[in-house]
Amino acid sequence: MLLAYLAVNFQATAQSGAFTVSGRVTDAEAGVGLPGVTVLLKGTQTAAPTDAQGNYTLNLPNGNGTLVFTYIGYQAQEVPVNNRSTVDVKLGVDAKALEEVVVIGYGAQRSEAVTGSVASISAEEITKVPSGNITQALQGRLPGVEFSQSSSQPGASMQIRIRGTRSISGENDPLVVLDGIPFPGSISDINPNDIKSIDILKDASATAIYGSRGANGVVLITTKSGKAGQKPQISYNSFYGVKDVFAKYDMMTGPELFALRQTGNQFRDRIGPDEAEVVDTDWQDMLYRTGITTSHDLGISGGTEQGSYNFSVGYFEDEGVIPTQQYKRYSMRGGLDQGIGKHIRIGFNTYNNYNITEGSNVGLYNILSLSPLANPYNPDGTLKRTVRMPEDETWVYNRDIVEDLRDEWLNETRAFATYNTFYGEVQIPSVEGLKYRANLGLNYRQSRTGAYTGRGITAVNEETLSTASSSNAVTTNWTIENLLTYDRTFAGKHNVNIVGLYSASQEEYDRSLVAGKDIPTDAFQFYNIGLAADEITVDPREQRYRQWGLLSYMGRAMYSYDDRYMLSVTVRSDGSSRLAPGYQWHTYPAVSAGWNIARESFMENVSLVNMLKLRVGYGQTSNQAIAPYSTLGLLQTRPYNFGSDVYETGYYVSQLPNPNLGWEYSKTWNYGLDFAILNNRLSGTVEYYVTNTEDILLSLGLPPTSGVDSYTANIGTTQNKGLELSLNGVILENKNGWTWEVGVNIYGNRNKITSLASGQQEDRNNWLFVGQPINVIYDFEKIGLWQAEDPYRNILEPNPADPSATLGMIKVRYTGEYNDDGTPVRQINADDRQVMNANPDFQGGFNTRVGYKGFDLTAVAAFQSGGILNSTLYGASGYLNLLNGRRNNVDVDYWTPENTGADYPNPASIRSGDNLKYASTLGYFDASYLKIRTITLGYNFNNNNWLEKTGIQNLRIYATAQNPFVLFSPYNKQSGMDPETNSYADQNVAVTGGVPNRLLTIGTNAPSTRNYLIGLNVTF
């Protein structure tokens, strides 16, 4: 009876789960416990997670099952129980799985479970393009993300556009988030060597968690961290290189300029006092130098049983090819994550940098426009102070003069910034999977820009007074976030992640500027301008102050069933102090879903397909794309003179109030397909999106009688839609020591304005047209040059006084009507201007890596097809293609009676002001190009036996060529120059206006360079 009772009781206990197994799951390398590991009884829904120390307890029906241990970033492991009550497991890191972890904001997911549009790149990929700025390393690497060069000077960052331009006059820059906190600084402040990964959120369903700040996309930057239990590890990364001019600005030689003068009318037979027909001076050769770039980074990382740390210091210097132009950055970073007991974690990340930017005062326009017929030297071999041309006298400088005057002719910006994040996290003991986290971001950035030009420098008159200016700007920013997260897996298949957020942030900006003339001594430079002997100016228009704040509530719920069906729902509400009372709050939803088709039972026998996932998402985001106080009426001062010593200050209205100013917001649909086939040898993503932006914040023109030019209102709509494709393939995988990987991405964006204020169809002054893209060229369209045999020349371009004056003149498209006999009804006029799309048809990039044993060869390229490149060097605003010979001219093939097949007009044809008629059309080029960004050859010593004896864990050396060549570029074919832009439309030109500032151009900025680097990566 007793035996029977025991047997029955044992069976009942086993069936009720009385067999208990427990143990600890640790990192195989570091030996520390892993929290959150899923422990599942194979073939059932019985599962449990590990606690903060890696411990678990699981009740089983009996002791004969198999336990499955899974954890993101680690290799899954199956262990038979075999009637053991204790099962300890060590999990090894899965490097490939780590790469598949995607940061999505306030959390991370395996890429297989992501339902929004996210583009990711690892540190290893970033370092394939050694640079001091991460934007240069990312160009051409991420589909749908356009990096455009807005300045070619050392230290400059690129303009970033994610899926096109949405706002017309507001900001279109994406939000940058550094280690979880919105980053208020310049992206050039961030040292690329400190970055672990970059994840870019592109569609509204992904960016909605960041609210209004994420309206233009989000760039999530995660910096490197230590690893719990890791022994101290020291790393050193360095590169050194030289840089030369990619191509000089293509200017005429002395004989070519003399021939141009003889062809034209205005300066025929004219030679300036310092010119001679036999002289040929290359002024660019006299200025440029060989630049140097260098980078050094030293870091240490490691961890304890419950914590990890990472500290690093870095130095980067980029010395330009123009004398005194350089950028230096000193950076220091630290991070600490520490567990306290079982339920509490605290930590911080701090990023500090000090940078110096110098030499922006040394422009190229005067050098490029100097006559090559002018002899720069006196009879005794000394350099002339000025040279005199037919109508101009210009101050002379070369690299030696600029270097010698670096203390009397300078412009520098010194900036210090500290970005700090402190956080604390508590796991709620009584509720499994529930935790609270507080993030506090405290940021401070201060910059001081000083400029000084000594007496007579840059001026023809030696007695021209010295000038100095000094500006100081301080930005303070704080953010506090309260996060409540619930993350749990039920029955091994149902994963639920819920996040609730309340956050507040405030930013304050203060800038002051003072200027003076006649500084007592060069030693003062721009310090103590109050001692200036002449006028001291504190222009009220140059003083700035603003303060604004943001309050936010956000909730997000993500659900996944068996990694097959995924759903994510987000609701966010933002309140901004920038907007008018009653319009400050906006609430918007976002939802996305995914279907992992490859995990369905009907796909089990389809060995070709390893992963196949469909995604769809819809969401709204908003944009507070206006400056603070735009809702208010503003006054400006105006001084009045009522006598020799009586001055009064008056005020006038400079901005009208708008009490109805509200949010500019976008609605986005996103459709995606992710796939991997052929045993994951080929993987990729296809996406299509449509974004409609409404209530666009735009300046509305007012009649002159109002006394104010314009006011800001919500008065427009735009649309962006596009298609993106990315592919990654492994052609060879360790076949006889060879590996070969390739990647390519290609995308196209179609942008258009769908409405403007009051139903108007166009705003010609601002180049805005309904049905057309935001970025257009509104001008005449050059279709050739007028030839003697062309019909209707006397009708379209009449010149009764001298009909031959129109020969070789620029011929533009006529858009008017025709008579019954086929003749034009009128001459060409302003109505013939065309709206031409400046955006490329498509763009993208590719990369490839070939490896053989320890050697690897990597190439990265970027390309675009179509669009219009506006080069002000050739157009009317640059004044370097006047074709009159007054100063030097870009080297062009111009029309003469003996050279009628030329592309550029007759220098003696009709002029409009300083320029030949329709000269602006000469600056428009096909923007297509294929540019090899970098080629790197490296060798990894890791497989060498001698390396282990030295204590070195990793050692790699490499050589890199950056910007080695350009293909398929009409602009490069014409000029030999780099076809990438380098300026905004109102920068580095002789004449501003006409072209909206938002368009990027090629102007007289620092020349593009070709760089050659050698580098070293070593870990101890």
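Given the structure is predicted, the values throughout are model-derived calculations rather than measurements.

The next subject is the packing of aromatic side chains. Each aromatic ring pair is specified by the distance between its two centres and by the angle formed by the two planes. Inspection of the entire model under this criterion finds 27 aromatic pairs. Linked through ring pairs, Y618, W669, Y671 and Y688 together constitute an aromatic cluster. Residue placement shows R546 over the ring face of Y509; its charged tip is 4.3 Å from the ring centre. The positively charged end of K811 is found above the aromatic ring belonging to W786, 4.7 Å away from the centroid.

The next point concerns the confidence of the model for the protein chain. Confidence along the protein chain averages 90 in pLDDT terms, with 97% of residues attaining 70 or more. Segment residues 1-17 is flagged for pLDDT under 50; beyond a separation of four residues in sequence, or across chains, it makes eight contacts in the model.

Bringing the nonpolar core into the picture now. A general trend in soluble globular proteins is that nonpolar side chains are found buried together. Ranked by internal contacts, the top residues of the largest apolar core, which has 63 residues, are Y249, W283, Y397, W409, L873, Y874 and Y971. Of all the elements in the fold, those that place two or more residues in this core are α6 (254-263), α7 (283-287), α8 (365-369) and β43 (810-812). Excluding anything up to four places from it in sequence, Y971 contacts L869, S871, L873, Y874, F925, D926, G976, M977, D978, P979 and I1002. One finds I126, V129, F183 and I200 within the second-largest nonpolar core, a separate group that totals 27 residues.

Turning our eyes to something else, we now look at empty space enclosed by the protein. Summed over all chains, the structure comprises nine cavities of 30 Å³ or more. Only β17 (233-245), β19 (307-319), β20 (326-340), β51 (929-940), β52 (954-967) and β55 (1009-1019) provide two or more residues apiece to the lining of the largest cavity. In terms of residue count, the dominant contributor to the lining of the largest cavity is β55 (three residues). For the second largest cavity, the calculated volume is near 130 Å³. I104, G116, S205, A206 and S568 are the residues nearest the centre of the second largest cavity, which is lined by 15 residues in total. Secondary-structure elements contributing two or more residues to the lining of the second largest cavity are α5 (204-207), β29 (544-561) and β30 (565-576). Its residues assigned to classes, the lining of the second largest cavity shows seven nonpolar, seven polar and one charged.

The next subject is the sheet that holds strand β5 (residues 66-70). Spatially, the four strands line up as an open sheet ordered β3-β2-β5-β6, and their pairing is antiparallel. Each edge of the sheet is formed by a strand with only one pairing partner; in this case those strands are β3 (47-49) and β6 (77-80). For this sheet the average axis-to-axis angle between neighbouring strands, irrespective of direction, equals 20 degrees. Note: β5 against β6, four bridges, orientation antiparallel. Paired with T66 across the two strands is P80, which belongs to β6.

Its place among the elements puts R261 in helix α6. What makes R261 buried here is its relative accessible area of 0%. At 2.8 Å, the side chain of R261 and the side chain of E275 are in polar contact. In this structure R261 touches F267, R268, R270, I271, E275, S371, L373, P390, G885 and R886, once residues within four positions along its chain are discounted.

Where β29 and β30 come together, twelve bridges link them in antiparallel fashion. Opposite M554, over in β30, you have R572 as the bridge partner. Between β29 and β30, which pair antiparallel one after the other, the connecting turn spans three residues, and D562 there sits at a positive phi close to 55 degrees. Pairing of β30 with strand β31 (residues 585-596), which is carried by eleven bridges, proceeds in the antiparallel orientation. Within β31, the residue paired with L567 across the bridge is A593.

Looking now at a nonpolar patch on the surface. A cluster of nonpolar side chains, I234, L298, I300, F311, V313, M332 and F1020, forms an exposed patch at the surface whose accessible area comes to about 590 Å². Put simply, the parts of the chain that give the nonpolar patch at least two residues each are β18 (291-303) and β19. Residue placement: L298 occurs in strand β18. On the accessibility criterion, L298 (44% relative accessible area) is partly exposed.

Here we take up the environment of V218. Locating V218 in the fold gives a position in strand β16 (residues 218-223). Taking the C-alpha atoms as reference points, V218 and T739, 521 residues apart in sequence, are found 34 Å from one another. In contact with V218, other than residues within four places in its own chain, are I162, P174, L175, V177, D199, I200, L201, T207 and Y210.

Reading the values: the criteria
- Residues numbered from 1 in each chain as written.
- Predicted model: local features only at pLDDT ≥ 70, side-chain atom pairs only at ≥ 80, totals over all residues.
- Heavy atoms only, no water.
- Phe/Tyr/Trp six-rings, centres within 6.5 Å; stacked < 30°, edge-to-face > 60°.
- Lys NZ or Arg CZ within 6 Å of the ring centre and 35° of its normal.
- pLDDT = per-residue confidence, 0-100.
- Contact = heavy atoms within 4.5 Å.
- Core = buried A, V, L, I, M, F, W, Y, C linked by side-chain atoms within 4.5 Å.
- Buried < 20%, exposed > 50% of the residue type's maximum accessible area, 1.4 Å probe, protein only.
- Helix = DSSP H or I, 4+ residues; strand = E, 2+ residues; numbered from the N terminus.
- 1 Å grid on protein atoms, 1.4 Å probe; cavity = no way out; pocket = protein on both sides within 12 Å on 5 of 7 lines; lining within 4 Å.
- Points joined across faces, edges and corners; volume = space filled by probe spheres on them.
- Nonpolar A, V, L, I, M, F, W, Y, C, P; charged D, E, K, R; others polar.
- Pairing = 2+ DSSP bridges.
- Axes fitted to C-alpha atoms, helices over the stretch in contact; angles between N-to-C directions.
- Polar contact = N/O pair within 3.5 Å; in protein donor to acceptor, adjacent residues only side chain to side chain.
- Patch = residues over 30% accessible without salt bridge, like charges linked within 9 Å, V, L, I, M, F, W, Y side chains within 5 Å.
- Areas by Shrake-Rupley, 256 points an atom, 1.4 Å probe, with all protein chains shown as cover.
- Salt bridge = Lys/Arg side-chain N within 4 Å of Asp/Glu carboxyl O.

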